[in-house]
Amino acid sequence: MFPSSLPVPRLPSEKAIPVLRWGIMGPGWIAEHFARALKEHTGQQLVAVAGRNRAKVQAFAERWTIPAVFSCIDDMLLMNDLDAIYIATPHNHHYPDGLKALSAGKHVLIEKPLALNVREGEALQTLARQKGLLCMEGMWCDFTPKYDVLRQLITDDVLGDIHTLIADHGEFFTPDHRIFNADLAGGPMLDLGSYLVSLSVMVAGAPVKIQSSGQSAGDNVNGQASMLFEHASGMHSVLNTTLFSNTPGSAVIAGRNATLVLAGQFYAPGGFVLTSSQGRQSLCWEEPSNRYTQLYHEIQHFSWCVGQGLKDSPVRPMSTVLMTLTAMDTVREQLGIVFNEEQQSADSKS
Ligand SMILES: NC(=O)c1ccc[n+]([C@@H]2O[C@H](COP(=O)([O-])OP(=O)(O)OC[C@H]3O[C@@H](n4cnc5c(N)ncnc54)[C@H](OP(=O)(O)O)[C@@H]3O)[C@@H](O)[C@H]2O)c1
């Protein structure tokens, strides 16, 4: 039956969120948004920051009133009064930086994608388990109220059998952006495509069959990938990601009983409409599209997990992260996309 109202988002109680002492690795673009969200919307403490360029790290620390400043991440990790590290370096640094932070006994929140591939993801999971620490991927949308409402609608079977998911995520980037740089694991897949693959895994689990088509951006970097996934339930996911152009970034999740249409960009704060298949009843989710402000939800969730003694997030468990990485690995294999870090094992296989 079509519901009379949307479910209420389930967020951790403020009282159950301990105050952690945070350090940031990689004071770049997303780290600015993270620092703002943490400072303005949580009670968490930002106590340290580390980056390559001393002047840049210093300026970042002054902007966000961070007392400890390091131009070497190893030095920051020697701090005892530091509980958690947010890793916001480029994709191919997530794995080595994550290993270092876990080895130093810190809980880690790693920007998406957790790692370049499932092999690296599993190694992070193994080390976190050995150390008894929380390792969580910062797939920030998963922790927002909107995504919790989506999950409830799907779990409560409001959509009925879901046959089709269609989503795109394309953005125009200038050629100087790191996304065009093969040395930083460039291409749209890990940056933009991870939101698409992650959504399809959230709705229907790991794909059982994948067909992909790609277009190069030159210089050994993929520019566009189109993916067709078949899931065990029979659902098809039709996904496109590109770094050449802006696309609407919307998503449609179509079930027999009802269809969800998420306005672009589907993963960011913003509206969606749930419409019944017959009778045309509808319910709308409305919220300000205050994009990066909502990074605070992942910070709160992570801190809550630490407070609860959890070693894996119930909202974004490592099993889901690894399914997403596995699907992206398959797409890349079909398109012949090999990152520099993977080149040696690819060469030894051939
Ligand atoms: N959650 C989100 O919405 C979101 C949005 C954008 C990006 N991200 C993710 O966050 C990560 C960082 O993205 P970003 O856009 O913030 O990148 P960015 O602006 O280029 O920042 C990257 C940071 O890593 C540092 N870094 C360390 N080693 C580096 C190396 N070898 N080459 C280049 N930089 C290096 C940079 O150092 P310097 O300070 O010395 O330049 C910089 O501080 C990516 O994995 C991306 O997928 C997430």
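What counts and how
Residues numbered from 1 in each chain as written. Predicted model: local features only at pLDDT ≥ 70, side-chain atom pairs only at ≥ 80, totals over all residues. Heavy atoms only, no water. Domains from an automatic or database assignment. Contact = heavy atoms within 4.5 Å. Buried area = accessible area lost by both parts, 1.4 Å probe. Polar contact = N/O pair within 3.5 Å; in protein donor to acceptor, adjacent residues only side chain to side chain. Helix = DSSP H or I, 4+ residues; strand = E, 2+ residues; numbered from the N terminus. Pairing = 2+ DSSP bridges. Axes fitted to C-alpha atoms, helices over the stretch in contact; angles between N-to-C directions. Near = heavy atom within 4 Å. Areas by Shrake-Rupley, 256 points an atom, 1.4 Å probe, with all protein chains shown as cover. Nonpolar A, V, L, I, M, F, W, Y, C, P; charged D, E, K, R; others polar.

Chemist: Mind showing me how you'd approach the domain arrangement of the protein here?
Modeler: Interfaces are often sized by the accessible area lost when the parts come together. Entries for the protein in the domain assignment read domain 1 (14–138) and domain 2 (142–285 + 317–349). Between domain 1 and domain 2, the C-alpha centre-to-centre distance is 26 Å. Listed by partner, the interface residues are 17 residues for domain 1 and 19 residues for domain 2. Between domain 1 and domain 2, roughly 1700 Å² of surface is buried when both sides are summed, and carbon and sulfur atoms account for 66% of that area. Taken as a group, His 91, Lys 112 and Leu 116 account for 33% of the area that domain 1 buries against domain 2, more than any other trio of residues on that side. Applying the counting criterion to the domain 1 and domain 2 interface returns 7 residue pairs in polar contact (both at pLDDT 80 or more). Secondary structure elements with two or more residues in the side of domain 1 that touches domain 2: helix H4 (91–103), helix H5 (118–131) and strand S6 (135–138). At 4 residues, H5 tops the list of elements feeding residues into the side of domain 1 that touches domain 2.

Chemist: Is there a simple way to think about the sheet that holds strand S13 (residues 272–276) in this case?
Modeler: Adjacent strands of a sheet form backbone hydrogen bonds with each other and so pair up, either parallel or antiparallel. The strand order across the open sheet built from 8 strands is S8-S9-S10-S7-S11-S12-S13-S14, with neighbouring strands paired in mixed fashion. Among the strands making up the open sheet, the edge pair consists of strand S8 (207–218) and strand S14 (282–285). Averaged over all adjacent pairs, the angle separating strand axes in this sheet is 10 degrees, with direction ignored. Taken together, the 4 bridges between S13 and S14 define a ladder with antiparallel strand orientation. Counted as the bridge partner of Leu 274 is Leu 283 from S14. Its contacts with the sheet put helix H6 (residues 145–155) on strand S7 (162–170), strand S12 (258–262), S13 and S14, and the angle it makes with S13 is roughly 15 degrees. Seen against the sheet, helix H9 (residues 318–335) touches S8 and strand S9 (221–231) and runs at an angle of roughly 55 degrees to S8.

Chemist: Mind showing me how you'd approach the site of the ligand here?
Modeler: The local shell around the ligand holds 22 residues, among which Trp 29, Ile 30, Lys 56, Lys 112 and Arg 178 are the closest. The separation between an oxygen atom of the ligand and a polar side-chain atom of Lys 56 is 2.8 Å. One of the side-chain nitrogen or oxygen atoms of Glu 111 is found 3.2 Å away from a nitrogen atom of the ligand. Starting from 890 Å² of accessible surface for the ligand in isolation, the protein chains cover 84%. Elements supplying a minimum of two residues to the shell around the ligand: helix H1 (29–41), H4 and helix H7 (188–204). A per-class count over the shell around the ligand returns 9 nonpolar, 7 polar and 6 charged.

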